[in-house]
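# Analysis of the macromolecular model
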Amino acid sequence: MADKTIFSRIIDGEIPGTFVYQDEHCVAIRDIQPAAPVHVMVIPRKPIPSIAHLEPEDHALAGHLLMVVKKVAQQEGLAERGYRVVINVGDEGGQTVPHLHVHVMGGRQLTGHGTA
Ligand code: AMP
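Now for a look at the structure at hand. (Residues numbered from 1 in each chain as written. Predicted model: local features only at pLDDT ≥ 70, side-chain atom pairs only at ≥ 80, totals over all residues. Heavy atoms only, no water.)

Take the sheet that holds strand E1 (residues 19-22) next. Across the sheet, five strands lie side by side as E1-E2-E3-E5-E4; this open sheet has antiparallel pairing. Looking at the sheet topology across the chains shown, the edges are occupied by E1 and strand E4 (83-86). Taking each pair of neighbouring strands and ignoring which way they run, the sheet shows an average axis angle of 20 degrees. Pairing of E1 with strand E2 (residues 26-30), which is carried by three bridges, proceeds in the antiparallel orientation. Paired with Phe-19 across the strands is Ile-29, a residue of E2. Sheet contacts for helix H2 (residues 59-75): E1, E2, strand E3 (38-44), E4 and strand E5 (102-106); angle to E3, the most-contacted strand, approximately 155 degrees. (Pairing = 2+ DSSP bridges. Helix = DSSP H or I, 4+ residues; strand = E, 2+ residues; numbered from the N terminus. Axes fitted to C-alpha atoms, helices over the stretch in contact; angles between N-to-C directions. Contact = heavy atoms within 4.5 Å.)

What follows is the structure, encoded as structure tokens:
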């Protein structure tokens, strides 16, 4: 498929990615340009472009993504320390990959908000 997203290509094994979690509905991979010592993205297998494109049928999936954020944060040793969860939406939101993904960042003291 010509317009397959880079994340779909990673999920389908066409290009490499470092997977830290996988289930039927989503995966978590390490960000190639980490903004913090731990920087993982939780990504639905379904190529929903962004939060702005969620449909009522995606209700359970949207909740599942947050449950996986919790699980991955625990797995990465962030649960007790604290961490940041970011979802960029669209151009002015700074989204560069048009496939919904949840950034999970931590492992150092983060300040401010919105960016790591
Ligand atoms: P966003 O700017 O919210 O769309 O985030 C996209 C993220 O994907 C950026 O943090 C990139 O570093 C990351 N990224 C882009 N290409 C890859 C890749 N091939 N493997 C892992 N992470 C990637």
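This next bit is on the site of the ligand. In the vicinity of the ligand there are 15 residues, among which Asp-31, Asn-88, Thr-96, His-101 and His-103 approach most closely. Contacts to the ligand include Asn-88, whose side-chain N or O atom sits 2.8 Å from an oxygen atom. One of the side-chain nitrogen or oxygen atoms of His-101 is found 2.8 Å away from an oxygen atom of the ligand. The protein chains hide 84% of the 500 Å² of surface that the ligand would expose on its own. (Near = heavy atom within 4 Å. Polar contact = N/O pair within 3.5 Å; in protein donor to acceptor, adjacent residues only side chain to side chain. Areas by Shrake-Rupley, 256 points an atom, 1.4 Å probe, with all protein chains shown as cover.)

Looking now at the pattern of salt bridges. Taken as a whole, this structure holds six salt bridges when the rule is applied. A salt bridge links Lys-46 to Asp-58; its shortest N-O distance comes to 2.5 Å. Linking Lys-46 in the loop between E3 and H2 with Asp-58 in the loop between E3 and H2, this pair joins segments that are twelve residues apart in sequence. For Asp-58, a relative accessible area of 3% translates into the label buried. Through salt bridges with shared partners, a single ionic network connects Lys-4, Arg-9, Asp-12 and Glu-14. (Salt bridge = Lys/Arg side-chain N within 4 Å of Asp/Glu carboxyl O. Buried < 20%, exposed > 50% of the residue type's maximum accessible area, 1.4 Å probe, protein only.)

Residues Ala-28, Val-42 and Val-72 are the most contacted members of the largest nonpolar core, which totals 18 residues. For this core, the secondary-structure elements that each account for two or more residues are E1, E2, E3, H2 and E5. When residues in this core are grouped by element, the largest group, six residues, is from H2. Residues Phe-7, Ile-10, Ile-29 and Ile-43 belong to the second largest nonpolar core, which totals eight residues. (Core = buried A, V, L, I, M, F, W, Y, C linked by side-chain atoms within 4.5 Å.)

This part takes up the pairing of E5. Judged by how many residues are buried, E5 sits mostly within the fold: five of five residues are covered. Here E5 shows a buried face lined by Val-102, Val-104 and Gly-106 and a second buried face lined by His-103 and Met-105. Looking at chain direction, E3 and E5 are connected through five bridges and run antiparallel. Across the sheet, Met-41 pairs through a bridge with His-103, a residue of E5. Sheet topology places E4 next to E5; four bridges connect them, and they run antiparallel. Bridged to Tyr-83 within E5 is Gly-106.

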